[in-house]
Amino acid sequence: AVFETTDSNISGRIGASFKPNPDTNIFGSYSRGYKPPAVGTNPAGALFQLEPETSDAVELGVKSRVGRVQLSANAFYTKLENFQSQTSVFVGTALVSQPLNIPKLTSKGFELSAFGQLFSGFNVNAGYQFNSFKFPTGYLGDDGGNLGGTQFLNAPKHKFTLSAEYAVPVSSSL
């Protein structure tokens, strides 16, 4: 089989920021993303076309320096339509991947972070993200189980980061 598609799209990002003082930046943005149609095969080898994937995202946030520490917070909301994913199906005893579209997904949440030098030579980076990214109501998984309303794969609902570095000179050249 041969597939021919005609496709067009306008995507991009627009944003604005406001600096009420030299140490603070308040920002917001809207973006539209796009992944074109794709061709997949089912387990029998028949070709089919995946619908184009679109995303609309809004982000609002603030960054501010307090002493030697940069603090930031932002909230986000992303709506995905026709998300291009895959499922696994058995063909005989072999597990075969098959592409598919998930009609609608939504990711929403917020992020908090702090990084900077607490004292000479000691730098810290800490963060937290909350991301509610769930399968749509009634969505069935590879095994036929209902995944609707459960957190999306490889997208943790809570994510923490923490790192620290301490560096001091051993000599004037090392």
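Everything here concerns the structure above.
Residues numbered from 1 in each chain as written. Predicted model: local features only at pLDDT ≥ 70, side-chain atom pairs only at ≥ 80, totals over all residues. Heavy atoms only, no water.

## A look at the pairing of strand β7 (residues 94–119)
Alignment of strand β6 (residues 69–91) against β7, held across 22 bridges, turns out to be antiparallel. Pairing of Leu80 across the sheet is with Leu105, part of β7. Counted between consecutive antiparallel strands, the loop separating β6 from β7 contains 2 residues, among which Gly92 sits at a positive phi close to 70°. The pairing of β7 with strand β8 (residues 122–134) spans 13 bridges and is classified as antiparallel. Along β8, the bridge assignment pairs Ser107 with Phe133. Joining the antiparallel neighbours β7 and β8 is a turn of 2 residues, in which Gly121 adopts a positive phi near 85°. (Pairing = 2+ DSSP bridges. Helix = DSSP H or I, 4+ residues; strand = E, 2+ residues; numbered from the N terminus.)

## Structural notes on the pairing of β6
Pairing of strand β5 (residues 53–66) with β6, which is carried by 13 bridges, proceeds in the antiparallel orientation. Across the sheet, residue Thr54 finds its bridge partner in β6, namely Glu81. If you look at the hairpin formed by β5 and β6, you'll find 2 residues sitting between the two strands, and Gly67 has a positive phi there, around 65°.

## Structural notes on the layout of surface pockets
The computed volume of the largest pocket comes to approximately 220 Å³. What lines the largest pocket is a set of 14 residues, among which Ser85, Gln86, Phe135, Asp142 and Leu153 lie closest to the centre. The element contributing the most residues to the lining of the largest pocket is β6, with 5 residues. Its residues assigned to classes, the lining of the largest pocket comprises 7 nonpolar, 6 polar and 1 charged. (1 Å grid on protein atoms, 1.4 Å probe; cavity = no way out; pocket = protein on both sides within 12 Å on 5 of 7 lines; lining within 4 Å. Points joined across faces, edges and corners; volume = space filled by probe spheres on them. Nonpolar A, V, L, I, M, F, W, Y, C, P; charged D, E, K, R; others polar.)

## Digging into the packing of aromatic side chains
By the definition in use, this model includes 10 aromatic pairs. Both rings, one in Phe133 and one in Phe152, keep their centres 4.7 Å apart while their planes meet at 35°; by these two values the pair is tilted. Pair noted here: Phe133 is in strand β8 and Phe152 is in the loop between β8 and β9 (158–166), with a separation of 19 residues, a long-range link. Each member of the pair, Phe133 as well as Phe152, is classed as buried. By way of ring pairs, the aromatic residues Phe83, Phe133, Phe135, Tyr139 and Phe152 are connected into one cluster. (Phe/Tyr/Trp six-rings, centres within 6.5 Å; stacked < 30°, edge-to-face > 60°. Buried < 20%, exposed > 50% of the residue type's maximum accessible area, 1.4 Å probe, protein only.)

## Considerations on the nonpolar core
Soluble globular proteins tend to bury their nonpolar side chains together. Formed by Leu80, Phe83, Leu100, Ile102, Leu105, Phe133, Phe135, Tyr139, Phe152 and Ala155, the largest nonpolar core amounts to 10 residues. Elements supplying a minimum of two residues to this core: β6 and β7. Here this core takes 3 residues from β7, the largest share from any one element. With near-sequence residues (within four places) excluded, Phe83 lies in contact with Glu53, Leu100, Asn101, Ile102, Leu105 and Phe152. (Core = buried A, V, L, I, M, F, W, Y, C linked by side-chain atoms within 4.5 Å. Contact = heavy atoms within 4.5 Å.)

## Considerations on unusual backbone geometry
Most peptide bonds take the trans configuration, and most residues that are not glycine carry a negative phi. With a phi angle near 55°, Asn82 is a residue other than glycine that sits in the positive phi range. Within the fold, Asn82 resides in strand β6. The phi angle at Asn154 is positive, at roughly 60°, despite the residue not being glycine.

## Focus on the sheet that holds β8
The antiparallel open sheet is built from 7 strands, whose spatial order is β1-β2-β5-β6-β7-β8-β9. Across the chains shown, the open sheet's two edge strands, defined by having one partner strand only, are β1 (12–21) and β9. When strand polarity is set aside, the average angle formed by the axes of neighbouring strands in this sheet is 15°. Looking at chain direction, strand β2 (residues 24–35) and β5 are connected through 12 bridges and run antiparallel. Looking at the pairing, Gly28 lines up with Leu60 of β5. (Axes fitted to C-alpha atoms, helices over the stretch in contact; angles between N-to-C directions.)

Don't take any of this as a statement about function, it's just geometry.
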